[in-house]
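The chain contents come next:
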Amino acid sequence: MNRSARAFWLRSPGHGELRDVTLPRPAADEVLVRTLYSGVSRGTETLVFRGGVPGNQHASMRAPFQEGDFPGPVKYGYLNVGVVEEGPEELAGRTVFCLYPHQSRYVVPASAVTVVPERVPAGRAVLAGTVETAVNALWDAAPLVGDRITVIGGGMIGCSVTALLARFPGVRVQLVDADPDRARTAEALGVDFAAPADALGDRDLVVHASATEAGLARALELLAPEGTVVELSWYGDRSVSLPLGEAFHSRRLTVRSSQVGTVSPAARPGRGYADRMALALDLLADPALDALVTGESAFEELPSVLPGLASGTIPALCHRIRYTDPA
């Protein structure tokens, strides 16, 4: 079996490269996976690519199979779909998702992979890590039937949350973004769209995912009395100001964070990572989520593609990376 692989490393902020890797022989409780696709999470990964992870967040920002340290050299990423080439009989030949960086082959514990349902195409399954975040956000937000909900920020996370909210019975959802091109994404997901200045008010819940100070302030403005903003943005090393004067207290508004890595015991007792990931992959049977994959490149092009994604010259929600097997 082929033990050679290539991996993408961030050599230093703004500079990536492909490196050759020799894989170990898998142990009895491990799998060797050949990658079919990986996905670039434009928000977090481009923050890492620019070297924007704050020093006091280096530990909490580590990906499960990260090698190296911020700001670099570091091997980072967490959206990987592949085929098990070696491993336990029940996994051999199966398509799986793993929170692994961009690498053509890799060896991980069998417990680190989740089988992709047959009804979910491998190319769509790269969204599992992002939809998992959206699942956690909605467990935290706990929307109710008939709620008036706005999602501010039409990036990968915001659109994943929007896609799931669109399935809730009786819920009226509006996606808000400064980019008018996101209107097409909203249409594909079956929800309304508005620019920030035109967004509907009197909302029971606003999910904020724009990672901007202006977006968070607008989220508070759109709330109905007793409404809640769920903050999903990751600001990296930036500080933000929040208008907590004026009518914030008299309207009894709430701002709460949603943590990406762990499930709140209060939100879903007894539910852990495996439950959340299995649910995310099951939800990806919906073809509407294909709207979140907005570009694709070959793995060999990744060192030149990531600078474009980081600068915005390559517009993207999820940019998919395609692998070919040289063996």
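What counts and how
- Residues numbered from 1 in each chain as written.
- Predicted model: local features only at pLDDT ≥ 70, side-chain atom pairs only at ≥ 80, totals over all residues.
- Heavy atoms only, no water.
- Buried < 20%, exposed > 50% of the residue type's maximum accessible area, 1.4 Å probe, protein only.
- Helix = DSSP H or I, 4+ residues; strand = E, 2+ residues; numbered from the N terminus.
- Contact = heavy atoms within 4.5 Å.
- Salt bridge = Lys/Arg side-chain N within 4 Å of Asp/Glu carboxyl O.
- Core = buried A, V, L, I, M, F, W, Y, C linked by side-chain atoms within 4.5 Å.
- Arc of directions from axis to C-beta.
- Axes fitted to C-alpha atoms, helices over the stretch in contact; angles between N-to-C directions.
- Parallel < 35°, antiparallel > 145°, perpendicular 65-115°, else oblique.
- Nonpolar A, V, L, I, M, F, W, Y, C, P; charged D, E, K, R; others polar.
- Phe/Tyr/Trp six-rings, centres within 6.5 Å; stacked < 30°, edge-to-face > 60°.
- Pairing = 2+ DSSP bridges.
- Right-handed = clockwise from strand over helix to strand, strands pointing away.

Now for helix H1 (residues 42-50). Those residues of H1 lying buried are Glu 45, Thr 46, Leu 47, Val 48 and Phe 49. On the buried face of H1, the contacting elements are strand S1 (4-12), strand S2 (15-22), strand S3 (30-41), strand S5 (74-75) and helix H8 (302-311).

Enumeration over the complete set of coordinates arrives at 20 salt bridges. For Arg 19, the salt bridge is made with Glu 17, and the minimal N-O distance between the two is 2.8 Å. The class of Arg 19 is partly exposed, set by a relative accessible area of 27%. For the salt bridge of Arg 320 with Glu 296, the shortest nitrogen-to-oxygen distance reads 2.7 Å. Here the residue Arg 320 occupies a position in strand S17 (residues 318-322), and Glu 296 occupies one in strand S16 (residues 293-298), the gap between them amounting to 24 residues. Look at the salt bridges and you will find they share partners, linking Arg 11, Glu 17 and Arg 19 into a network.

So, on to the nonpolar core. Of all hydrophobic cores here, the largest spans 69 residues; its most connected members are Phe 97, Leu 127 and Val 161. Broken down by element, this core gets its largest block of residues, eight residues, from helix H3 (residues 128-141). With 13 residues, the next largest nonpolar core counts Ile 152, Leu 220, Tyr 235 and Phe 248 among its residues.

Our focus in this paragraph is helix H5 (residues 182-189). When H5 is considered as a whole, its buried residues turn out to be Arg 182, Thr 185, Ala 186 and Leu 189. For H5, the arc enclosing every buried residue in end-on projection is 100 degrees, short of the 170-degree limit, so these residues lie on one face. When the buried face of H5 is taken as reference, the exposed residues oriented beyond 90 degrees from it are Arg 184 and Glu 187. One or two residues past the end of H5 sits Gly 190, with phi positive at roughly 85 degrees.

Our focus in this paragraph is the packing of H1 against H8. Remark: H1 packs on H8, axes separated minimally by 9 Å, with the N-to-C direction vectors making an angle of 105 degrees. Here H8 runs roughly perpendicular to H1, going by the angle between their axes. For the pair H1 and H8, contact is made by Arg 42, Thr 46, Phe 49 and Arg 50 and by Leu 306, Pro 307, Leu 309 and Ala 310, respectively. When the residues that make up the contact of H1 with H8 are grouped by side-chain class, the tally is five nonpolar, one polar and two charged.

Residue Phe 70 is joined to Pro 71 through a cis peptide bond whose omega torsion reads 0 degrees. In this fold, Pro 71 is placed in the loop between strand S4 (67-68) and S5. Put simply, Gly 72 and Pro 73 share a cis peptide bond, and its omega is 0 degrees. By the element assignment, Pro 73 lies in the loop between S4 and S5.

The final tally for this structure, using the stated rule, is five aromatic pairs. For the pair Phe 65 and Tyr 100, a centre-to-centre distance of 5.4 Å together with 35 degrees between the ring planes defines the contact as tilted. On the criterion of sequence distance, the pair formed by Phe 65 in the loop between H1 and S4 and Tyr 100 in the loop between strand S7 (95-98) and strand S8 (105-109) is long-range, its members being 35 residues apart. Classification of Phe 65 by relative accessible area gives partly exposed; the value is 23%. With a centroid separation of 4.5 Å and an interplanar angle of 25 degrees, the aromatic rings of Phe 299 and Tyr 323 are classed as stacked. Here Phe 299, found in the loop between S16 and H8, pairs with Tyr 323, found in the segment after S17; they are 24 residues apart in sequence, far enough to count as distant. Across this residue pair, the class does not change: Phe 299 and Tyr 323 are buried.

Attention now goes to the sheet that holds strand S11 (residues 172-176). Across a sheet, strands are paired by hydrogen bonds formed along the backbone, either parallel or antiparallel in direction. If you trace the six strands from one edge of the open sheet to the other, you get S12-S11-S10-S13-S14-S15, paired in parallel fashion. Looking along the sheet, the strands with just one partner apiece sit at the ends: strand S12 (192-194) and strand S15 (254-257). When strand polarity is set aside, the average angle formed by the axes of neighbouring strands in this sheet is 20 degrees. Pairing analysis gives three bridges linking S11 to S12, with the strands arranged parallel. Note that in S12 the partner of Val 176 across the bridge is Ala 194. Its contacts with the sheet put H5 on S11 and S12, and the angle it makes with S12 is roughly 165 degrees. Running over the sheet, helix H6 (residues 213-222) touches strand S10 (148-152), strand S13 (203-208), strand S14 (223-231) and S15 and is turned about 150 degrees from S14.

Relative to S14, S13 runs parallel, the two being bridged by five bridges. The residue bridging His 208 from the neighbouring strand is Glu 231, located in S14. A crossover links S13 with its parallel partner S14, the connecting element being H6, and its sense is right-handed. Note: S14 against S15, four bridges, orientation parallel. Within the sheet, the bridge partner assigned to Val 229 lies in S15 and is Val 255.

As a further point, take the pairing of S13. Counting buried positions along S13 gives five out of six residues, so the element sits mostly inside the fold. Bridge count for S10 against S13 is four bridges, and the pairing is parallel. Pairing of Thr 150 across the sheet is with Val 206, part of S13.

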